[in-house]
Amino acid sequence: MHVDVIGHGPPLVLLHGWAMHGGIFAPLVEALRAGRTLHVVDLPGHGHNRDCGVPLALEACARAVLEVVPDAPWCGWSLGGLVALQAASTAPARIPALAMLCATPKFVVAEDWPQGMPATVFHGFADGLRLDWRATIDRFIALEAFGSDHMREELRMLRDAVLAHGEPSPRVLAEGLHVLETGDLRPMLPALRVPSLWIGGRRDRLVDPRAMEAAARLAPAARFVEVAHAGHAPFLTHADAVAGALQDFLAEVAA
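Residues numbered from 1 in each chain as written. Predicted model: local features only at pLDDT ≥ 70, side-chain atom pairs only at ≥ 80, totals over all residues. Heavy atoms only, no water.

Asks: I'd like a rundown of the pairing of strand E6 (residues 196-201), residues and numbers included.
Replies: Taken across its six residues, E6 has six buried, putting it largely inside the fold. By the alternation rule, side chains of E6 split into Ser196, Trp198 and Gly200 and Leu197, Ile199 and Gly201, which are all buried. Sheet topology places strand E5 (residues 98-101) next to E6; four bridges connect them, and they run parallel. Across the sheet, residue Leu101 finds its bridge partner in E6, namely Ile199. Here E6 runs beside strand E7 (residues 222-227); their pairing, made up of six bridges, is parallel. Note on E7: the bridge partner recorded for Gly201 is Val227. Tracing the backbone out of E6, into helix H8 (residues 209-218) and back to the parallel element E7 gives a crossover that is right-handed. (Buried < 20%, exposed > 50% of the residue type's maximum accessible area, 1.4 Å probe, protein only. Helix = DSSP H or I, 4+ residues; strand = E, 2+ residues; numbered from the N terminus. Pairing = 2+ DSSP bridges. Right-handed = clockwise from strand over helix to strand, strands pointing away.)

Here's what the structure looks like:
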């Protein structure tokens with residue numbers, strides 16, 4: 001599997017979200033690279049790992065990434081957060097700290113999880129993939145940017161980045177939507193053995209920050225931080241705020 005390694009200092013693994021690739025983290029990498037060695041992963045089926053053959057299932061993805069990165073904290077954005085939580089729960093000796101960036105253990109609403117997204121949203125994206133995957137990705141990107149005080153800038157950056165590492169695999173796009181719709185890692189939280197940081201965007205319309213705050217309450221040694229005026233991709237428009245929260249958290253873990 002391809003991994004970009006950038007910067008100097010202790011390692012940190014970055015995992016991107018659905019339909020994207022590691023290049024989307026460019027503003028955050030720039031903010032962190034002087035003090036961290038960033039291991040920027042393209043998830044299976046995405047970017048430079050489009051043809052790696054690993055299925056986009058949480059256990060398989062976690063194992064594949066663990067094979068190619070050093071022992072280090074992981075930071076996962078959106079879908080990447082589910083992979084990071086899976087890995088930190090099953091290999092805590094390899095991952096001393098976890099950062100969840102606009103990600104929750106369960107994306108879809110349930111009776112005991114009212115802050116989730118309606119399942120019909122993901123059904124609509126799945127139906128759209130079969131008709132026009134490019135238009136479906138564009139709709140998803142619009143939802144990611146919606147609500148941000150910098151919506152136009154965020155939308156432009158997401159659209160410019162989405163195909164920069166090549167076209168994603170349509171099969172993997174469908175697998176990723178299935179993971180987002182059906183994944184539920186809440187049972188892992190009470191037994192999570194590593195400290196965790198949950199960073200939400202106050203204006204996020206895809207992952208309700210209240211869901212992130214609720215998830216943080218389920219895990220020991222967890223902290224929730226909200227980035228005001230940010231949407232689903234705060235590392236694009238508020239990279240310094242996200243980097244600062246990460247640096248403070250990782251410094252405390254190291255101490």
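There's plenty left to go through after this.
Asks: So what's going on with the packing of aromatic side chains? Residues and values would help.
Replies: Here the structure, examined in full by the defined rule, presents three aromatic pairs. For the ring pair Phe25 and Phe235, a centre distance of 5.0 Å and an interplane angle of 50° mean the geometry is tilted. Taken as a pair, Phe25 in the loop between strand E2 (11-15) and helix H1 (26-32) and Phe235 in helix H9 (residues 234-237) lie far apart in primary sequence, 210 residues in all. In this structure Phe235 comes out as buried when scored by relative accessible area, which is 0%. Considering the side-chain rings of Trp77 and Phe235, the 4.8 Å spacing of their centres and the 80° angle between planes classify their relative orientation as edge-to-face. Of the two residues, Trp77 is situated in strand E4 (residues 74-77) and Phe235 in helix H9; the sequence distance between them amounts to 158 residues. (Phe/Tyr/Trp six-rings, centres within 6.5 Å; stacked < 30°, edge-to-face > 60°.)

Asks: Help me get a handle on the environment of Arg193, residues and values and all.
Replies: Secondary-structure assignment places Arg193 in the loop between helix H7 (170-182) and E6. Taking the C-alpha atoms as reference, Arg193 lies 7.7 Å from Pro220; in sequence the two are 27 residues apart.

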